[in-house]
Structure formats: C-alpha cells, structure tokens
Amino acid sequence: MMSLSDAALTRLRDVVDRPDAGDRYAVHELLGRGGMGAVYRATDQLLQRDVALKVLPPEHPEDIARRLEREARVLAALEHPGIVAIHDAGRLADGRPFYVMRLVRGRRLDEQVRDETPGERLRRFLAVCDAVSFAHSKGVIHRDLKPANVMVGEFGEVLVLDWGVAKRAAEVAGDTSHVLSAETGDTGDGVAVGTPGFMAPEQLIAAAAVDVRADVFALGALLRELMTGGKVAAPLRAIIAKATAPTASDRYPSVDALAADVRAWLDGASVSAYAEPVWEKALRFYRRNSALILLLLAYVVVRLFILWWRGV
Amino acid sequence: MVVAAYRTPVIAVLRKQWSLEMEDAEDLAHDFFAHALEREWLVRYDREKGRFRTFLRRCLQDFASTQYESSRRLKRGGHLTAVSLDHAGNMSTAAEVDRLFDQEWARSVLTLSLDRLREECGASGRQTTFDVFVAHDVDGADEPPRYADLAARFSVPVTQVANYLHWARNRFRGHALETLRALTTSDAEFREEARTLLGRDA
C-alpha cells in the first residue's frame, strides 16, 4: 500500500473534487462554494474568454441537480443588464450538472458603497430594485437578496447574483419548503431558503405564503445596510420601516412602489411612507422652488416699493 | 474494507492520544479490530444515530480507555503489560485528535482508491497511464512535473500525457466515490463523508 504525503493528499482531494469540464472549458481556481455547489473561474477555450463555471460536487444528490438545472433556466429567462448572463448549461463529462455564466469582476455592493455619498448609494440601490422588479415582471422571486449577492462590476454596473433559491411565483404557491437558516446555503426541499436578517418573517413560516413582498422586505434590509454609518433622514427611515414591516400587507406592494419612494426622496418630492409635518413640507417646498419663490418675493418687494414711491 | 479504511486512522489516534510507539499502536489496533469483529460491535451501529466513522471513533475511545485502566491495574500488581498507555502525559486536545482521525481516514480512503486504480490499470494494460498519474499527481504533488518532461520520461507524445491524466483522474474519482459508497450506509452519510473526505468541512 502506497503512503500518501500531505501534498499528495491535498492534490488527490482536488482531483476528486475538481470538475472534468472536457475540452470546452479549462477550469482554474475556486471562486466560492455554497450549499448548491462551487463556482470556478474557467476559460471557454472555444470563445477564448474567461467565464464563471458553477458546478455541483461529485457527491451531489439528484434533487439538488434538478435545482441547479432550474436555476439555470431561471437565469436564462432573466435577460437584463442587472442580472448576470448565463452562456451554457448541461452535464459535464463526469456527470455533474453545471452552468456557465459571465465572470463578474468587481466588488460586493456593501464594500463598494463604503466611500460613496448617500445619493450614490441610493442610486445603486435603485439599480438593484430595477433588476429585481424585472425578475418579478417575469414571475421570478429571488428570495435571498443580501449584500453578498449584489456586485458592482468593473464598469459600475450593479448585478444581482445567486438565483439559486429563486422561484417562479407559480412554483412558490405550491412549495411546501420551510425556510430555516441560510448558513449552509442549501436549497434542498424543506431546508434553507434565505438569510437571517434579510429574510421576511413569512419565509420562516411557510414558503407558500411568500410573494414579491418577501423581496421587498429583503430590499428594505439591504437599504438599511447600505445607509449604515451615517445619519439617515426621517423619510428614508420611514421607507426602510415600511419595506421591512413584519406583516407583508403593511409593506410596499411591489418593488416599483418602494423604488418610487426612494426616487421621490432623491428628487426632493414627498414620500408616501412618511407623514410629513407641515413645517417640513414647507421647507421642502421652499428647497424645491427656492428660485421661483425668491423671484416672486423680489417682484413683490419691487412692486411695493413702486407703489410706495408713487404714493410719496 | 472497513478494517482497511480505518486501520491507519485508528493507529494514528492511538499514537497521538495515548502516546504509543508505532509497534504498540499497531498491536492495539489489531486487538481493537479483533475485538470489534469478535464481539460484533460494528453490527450494533445504528445509522439513525450518526456517522459510522463517529461510532467507530467512540468504540475506539471506549476500548482504549478500558485497556488503559487494565494496564494501570496490572502495573500496580507488579505485572508487565504488552501495551502501556500513557493518557495522563498526553496534551493533545480532543479537537486535535478528531482532526487527525479525519485526516488519516481521508488519506486511507484515497490510498485505497489509488490501489484500486493501480489494479485496474494493471489488469487493462494501462500501467504507463498509472505511472504518469502517480508521477504527476502523487509523487509530484508538491511541484507537478511539466507534461513535456513526463512525455520524455515515459517516451510518449505530450498530448498522450494529457490523455493519460484525464483518464486516470476520472477513474480515480470514480474509485474514490465507490470506496466511499462502500463505507457508508445511506445517501446522507455518503454526502457528509464526501465533504470530510474532500476537506470541505474543515
């Protein structure tokens, strides 16, 4: 019997674990690993470009294989600049299911916004809303939105990643899985759909009750995370509170409604989630129309002066 | 299969936790498996209660503790013992011993898989394929030799080296998973053990 050195042990573990991607893809370093598989940087030898290869481990059970295939189909249905593009899918030579997607080079959203102004952070957040809203329009609910799943690419584009636990709205209605912890990232039936802190309360009870408002909740939690570290204005706090309301019916009915409020705040307009005191309303009105108000004031002053002059 | 896969990790634990010399650890490991088979400990394994590996590790702990107590009694009575366990002087933590057991178990399973690959290659006239694989992924694991060097050494074209490695790696993966299947009793245990085998739950 041969005695394996530590280096040989490491190497042979890698031999077993590393996907056999055949002639088309040269597999390089491991980029990340979750309950639903591993993502490697790979080179598409045919098209001569780097891609990300998501593949299940060699010991994968068949139900997880079906989930990966469904994830690939969900991604294929979501052609949007804010959603990572899928290029290829299938089974590797060693039988493992895989899909190939665009390799995103960039930073996690929460890392990217650390040095950005509140306005810039909010515009990034609106880009996330845009992608999620598009998915909703296609009947897909992400169910695991969190900072780790949003990247800012090298051209400044915001990309929503990891649709591994996403479901089509029609599927969610009949889904009996419960939502537990997301530490494993596992997406098997009856386990782990979501991440504590970003998961709507109804996801903990029964997935059958989950609709787009679960993503609204997660986006509210994401917005809170993005605005951490500075003083958050009262209307923004109200937007976050409404988006993350424990009861789904108290939240924004859609991501578009949430985005509209954020956009309104950015434009200095009134926010539906916030009951504004009169003096704040007046101040906001003045800020939005200061030039006109000053012009009118100047006109009145001049007019009064003329009247006074003639009277004299 | 069970003895072949677990003999090395059992010896490693006996040496680490109980400070035994190699020869004594081998003797005690032999006694442990002999007892296990004779008294049908392994038959008592209930897969509902956890992994087989954890069960066997617990059996070993009980067995070694009993041996330790026996050796103390014999010492007090002025008798010599074949194996002298020195638990008190050992500073290894339980976590360290567990890690060692896992590591040696993985080494053992992959060694068995390599043996199977060697047998397969030998039986199918693919000895060079096996030798290239060993030269690149086992002996050369620290710093793998270049394909061109292997091609020159084995007098084959460079492309053939790539083909040999591709085939051998696939077969090795298959043998490793088959070995693991043979050592586990359910799909869930198989997947858990695969994570340990591949060092993913470290």
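Up top is the structure these notes are about.
Residues numbered from 1 in each chain as written. Chains lettered and ligands numbered in written order. Predicted model: local features only at pLDDT ≥ 70, side-chain atom pairs only at ≥ 80, totals over all residues.

Novice: Even after reading the chapter, I still don't get the overall build of chain B, so can you show me in this structure?
Specialist: Of regular secondary structure, chain B possesses eight helices and zero strands. Ordered by position in the sequence, the α and β elements of chain B form the string α-α-α-α-α-α-α-α. Among the 202 residues that make up chain B, the fraction classed as buried is 32%. Within chain B, contacts between residues separated by at least 24 positions form 63% of all contacts whose residues are at least 6 apart in sequence. (Helix = DSSP H or I, 4+ residues; strand = E, 2+ residues; numbered from the N terminus. Buried ≥ 20, exposed ≤ 12 C-beta atoms within 10 Å, placed from the backbone. Contact = placed C-beta atoms within 7 Å.)

Novice: Would you take a moment to explain the sheet that holds strand 3 (residues 49–55) of chain A for this structure?
Specialist: Strand pairing in a sheet takes place through backbone hydrogen bonds and is either antiparallel or parallel in direction. Residues and elements named next belong to chain A. Sheet architecture is open: five strands sit in the order 1-2-3-5-4, paired in antiparallel fashion. The sheet is open, and its two borders are formed by strand 1 (25–34) and strand 4 (86–91), each paired with just one other strand. When the angles between neighbouring strand axes are averaged without regard to direction, this sheet yields 25°. Bridge count between strand 4 and strand 5 (residues 97–102): five bridges; the pairing is antiparallel. Bridging across to strand 5, Arg91 finds its partner in Pro97. Its contacts with the sheet put helix 2 (residues 62–77) on strand 2 (37–44), strand 4 and strand 5, and the angle it makes with strand 5 is roughly 25°. (Pairing = 2+ DSSP bridges. Axes fitted to C-alpha atoms, helices over the stretch in contact; angles between N-to-C directions.)

Novice: Please explain helix 7 (residues 212–227) of chain A as it appears in this structure.
Specialist: Side chains three or four residues apart in an α-helix point the same way, a direct result of the helix having 3.6 residues per turn. Residues and elements named next belong to chain A. In this model helix 7 runs 23 Å from its N-terminal to its C-terminal C-alpha over 16 residues, within 8% of the 22 Å that 1.5 Å per residue would give. Among the 16 residues of helix 7, 14 are classified as buried, and the element is accordingly described as predominantly covered. Count one or two residues on from helix 7 and you reach Gly229, which has phi positive near 105°. (Expected span 1.5 Å × (residues − 1).)

Novice: Please clarify how the pairing of strand 3 of chain A should be interpreted in this entry.
Specialist: All names here are of chain A. Where strand 2 lies against strand 3, seven bridges are found, and the strand directions are antiparallel. Each residue of the ladder has a partner; that of Ala42, found in strand 3, is Val51. Here strand 2 folds back onto strand 3 in antiparallel fashion, the turn holding four residues, of which Gln48 has a positive phi close to 55°. Sheet analysis places strand 3 next to strand 5, joined by five bridges and oriented antiparallel. Residue Leu53 lies in a different strand from strand 5, and its bridge partner there is Val100.

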